[in-house]
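# Remarks on the overall topology
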Amino acid sequence: MQNLSAVLSSGSRLTIEDRPAPEPGHREVLVRIGAVGICGSDVHYYEHGRIGDHVVKEPMVVGHEAAGTIVALGRDVEGRAVGERVALEPGVPCRNCVQCLSGRYNLCPDVVFFATPPVDGAIAQLVTIDAAFAHPVPDGLSHEQAAMAEPVSVGVWAARRAGITAGDRVLVTGAGPIGLWAAQVARAFGAVDVTVTDLSDFRLLVARDLGLDARRVDEPMTSEYDVLLECSGVQPAVTSGMAALARGGRMVLIGMGTDRVSIDLPLLQNREITITGTYRYANTYPLALSLLASGVVRVEEIITHRFGIEETEAALTLARRDPQSLKAIVCPQVAGAVVADITPDAS
């Protein structure tokens with residue numbers, strides 16, 4: 001069985017290889033992948049060969065935002081069926097450590113996460129995964145929409161970490177895909193005033209198309225906010241965003257543009273601002289898929305480009321070439337041509 005896969009080697013070398021089709025193991029399912037989103041981490045591995053201590057030493061399949069159709073069941077898989085469409089939660093934890101048993105499986109030290117060296121990712125025609133992390137896709141969602149449950153989960157987790165609730169005023173700094181989805185999730189959680197800032201007029205236009213208040217990050221802030229979702233990872237946004245927080249405000253650092261940022265300590269103390277980070281997500285996929293299926297969180301405006309599997313390298317380098325790009329999708333079942341949206345019943 002053919003299994004074309006996008007394989008990254010050290011030295012930023014990406015090749016398309018026909019690898020052996022994997023066999024689903026105990027409590028695993030085999031999934032024919034319909035769509036995979038390109039994430040900033042995929043680009044970072046391609047350009048730099050590492051993220052922190054995770055280094056690409058051996059060839060690795062890239063991609064972790066994926067959805068597809070179950071085509072085979074492993075031993076002892078119950079309640080699942082061949083032909084079922086699923087969104088793949090890319091991190092499978094050990095389920096036995098202190099963090100897992102406390103419900104924080106995103107912090108599991110032994111998690112096996114797609115496209116994190118040395119674990120292969122999902123830009124392949126066939127992938128196996130623990131059946132518990134292959135989430136049923138609601139009717140009406142395409143594979144590419146369902147694949148976005150991964151970045152939408154980042155927004156859901158950030159909203160939970162911030163404790164966003166009805167009536168909150170939320171500022172989102174950074175109008176990339178994560179920021180635009182985090183802003184929509186904040187609105188779904190009950191925020192009454194959601195403002196998104198960026199320097200890109202194109203991205204701000206997309207934010208407005210999504211019904212969000214949008215303004216340039218270099219404009220003076222005229223409002224106070226209860227929550228800051230910082231999605232850019234750059235110092236000016238951290239500084240201006242924190243200054244816009246009301247007393248008792250909550251600040252969640254999501255973006256990873258740089259390893260270190262400075263914090264205004266007197267501001268932090270005088271306003272008793274709470275700061276937290278986020279690391280992936282836990283128990284978010286069912287809600288993320290529900291938000292997508294209901295239309296409360298939209299992806300159509302954010303998915304700007306689509307590629308066949310043989311064009312994976314073009315997808316990884318898209319941001320360099322096109323400033324009016326946001327989210328790129330790779331369709332592993334399609335070869336060279338750029339493709340349209342995948343229909344909900346595609347396999």
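It should be noted that the structure appears before, not after, this text.
Residues numbered from 1 in each chain as written. Predicted model: local features only at pLDDT ≥ 70, side-chain atom pairs only at ≥ 80, totals over all residues. Heavy atoms only, no water.

As a further point, take the overall build of the chain. On a plain count of helices and strands, the chain comes out with 11 helices and 20 strands. At 20 Å, the chain has a C-alpha radius of gyration in line with the 20 Å of a compact globule built from 347 residues. The dimensions of the chain, computed from C-alpha atoms along their principal axes, are 60 × 45 × 40 Å. Counting only residues that meet the buried cut, the chain has 52% of its 347 residues in that class. In the chain, of all internal contacts separated by at least 6 residues, the share reaching a separation of at least 24 is 71%. For the chain, the computed accessible surface area is about 14,800 Å², with 50% contributed by carbon and sulfur atoms. (Helix = DSSP H or I, 4+ residues; strand = E, 2+ residues; numbered from the N terminus. Rg over C-alpha atoms; globule rule 2.2 N^0.38 Å. Buried < 20%, exposed > 50% of the residue type's maximum accessible area, 1.4 Å probe, protein only. Contact = heavy atoms within 4.5 Å. Areas by Shrake-Rupley, 256 points an atom, 1.4 Å probe, with all protein chains shown as cover.)

A few words now on the pairing of strand S20 (residues 327–331). Burial of S20 is extensive: 5 of the 5 residues sit out of reach of the surface. Alternating positions in S20 separate into two faces, Lys327, Ile329 and Cys331 on one and Ala328 and Val330 on the other, with burial throughout. As paired strands, strand S3 (residues 28–37) and S20 are joined by 2 bridges and run antiparallel to one another. When the sheet's bridge partners are listed, Gly37 is paired in S20 with Ile329. (Pairing = 2+ DSSP bridges.)

Here we come to the layout of surface pockets. Empty space within the second largest pocket amounts to approximately 200 Å³. Along the wall of the second largest pocket there are 14 residues; nearest its centre are Pro22, Asp120, Gly121, Leu126 and Val127. Considering every element that reaches the lining of the second largest pocket, the biggest residue donor is strand S11 (residues 126–130), with 3 residues. Of the residues contributing to the lining of the second largest pocket, the split by class is 8 nonpolar, 4 polar and 2 charged. (1 Å grid on protein atoms, 1.4 Å probe; cavity = no way out; pocket = protein on both sides within 12 Å on 5 of 7 lines; lining within 4 Å. Points joined across faces, edges and corners; volume = space filled by probe spheres on them. Nonpolar A, V, L, I, M, F, W, Y, C, P; charged D, E, K, R; others polar.)

With that out of the way, let us pick up the pattern of salt bridges. Tallied over the entire structure, the rule returns 14 salt bridges. In this structure, the salt-bridge partner of Asp218 is Arg216, at a minimum N-O distance of 3.2 Å. Salt bridges sharing partners connect three or more residues here, namely Glu17, Arg19 and Asp120. (Salt bridge = Lys/Arg side-chain N within 4 Å of Asp/Glu carboxyl O.)

Okay, the pairing of strand S16 (residues 225–230) next. For S16, the tally of buried residues reaches 6 of 6 residues, placing the bulk of the element in the interior. Across 4 bridges, strand S13 (residues 169–173) lies against S16 in parallel orientation. Pairing of Val170 across the sheet is with Val227, part of S16. Here S16 runs beside strand S17 (residues 245–253); their pairing, made up of 5 bridges, is parallel. Each residue of the ladder has a partner; that of Leu228, found in S17, is Met251. Crossover handedness for the path S16 to helix H7 (residues 235–243) to S17: right-handed. (Right-handed = clockwise from strand over helix to strand, strands pointing away.)

This brings us to the side chain of Thr195. As for its position among the elements, Thr195 is in strand S14 (residues 193–198). At 3.4 Å, the side chain of Thr195 forms a polar contact with the side chain of Asp193. Apart from the residues within four sequence positions on either side, Thr195 is in contact with Val170, Leu171, Val172, Asp213, Arg215 and Tyr225. (Polar contact = N/O pair within 3.5 Å; in protein donor to acceptor, adjacent residues only side chain to side chain.)

Considering all chains together, one arrives at 1 cavity of 30 Å³ or more under this definition. For the largest cavity, the calculated volume is near 60 Å³. In this structure, the largest cavity is lined by Glu89, Gly91, Tyr105, Asn106, Val111, Phe113, Arg280 and Tyr281. Each residue belonging to the lining of the largest cavity can be placed in one class, and the counts come to 4 nonpolar, 2 polar and 2 charged.

Attention now goes to the sheet that holds S14. On the basis of which strands lie adjacent, the open sheet formed by 6 strands has the order S15-S14-S13-S16-S17-S18 and parallel pairing. Edge strands, defined here as strands with exactly one partner in the open sheet, are strand S15 (213–216) and strand S18 (274–277). Taken pair by pair, the neighbouring strands of this sheet meet at an average axis angle of 20 degrees, ignoring direction. When S14 meets S15, the two strands line up parallel, connected through 4 bridges. If you follow Thr195 over to S15, its bridge partner there is Asp213. Taken strand by strand, helix H5 (residues 177–188) contacts S13, S14 and S16, and its axis lies near 170 degrees from that of S14. Taken strand by strand, helix H6 (residues 201–209) contacts S14 and S15, and its axis lies near 165 degrees from that of S15. (Axes fitted to C-alpha atoms, helices over the stretch in contact; angles between N-to-C directions.)

Next up on the list: unusual backbone geometry. Cis geometry is adopted by the peptide bond preceding Pro118, which originates at Pro117 and carries an omega value of 5 degrees. Note on placement: Pro118 falls in the loop between strand S10 (112–113) and S11. Phi at Arg27 takes a positive value of approximately 60 degrees, unusual for a residue other than glycine. Within the element layout of this structure, Arg27 appears in the loop between strand S2 (13–18) and S3. In the Ramachandran plot, Ala115 falls in the positive-phi region, its phi being about 55 degrees despite a non-glycine side chain. Tracing the sequence through the fold places Ala115 in the loop between S10 and S11. Exposure remark for Ala115: the relative accessible area of 3% places this residue in the buried category.

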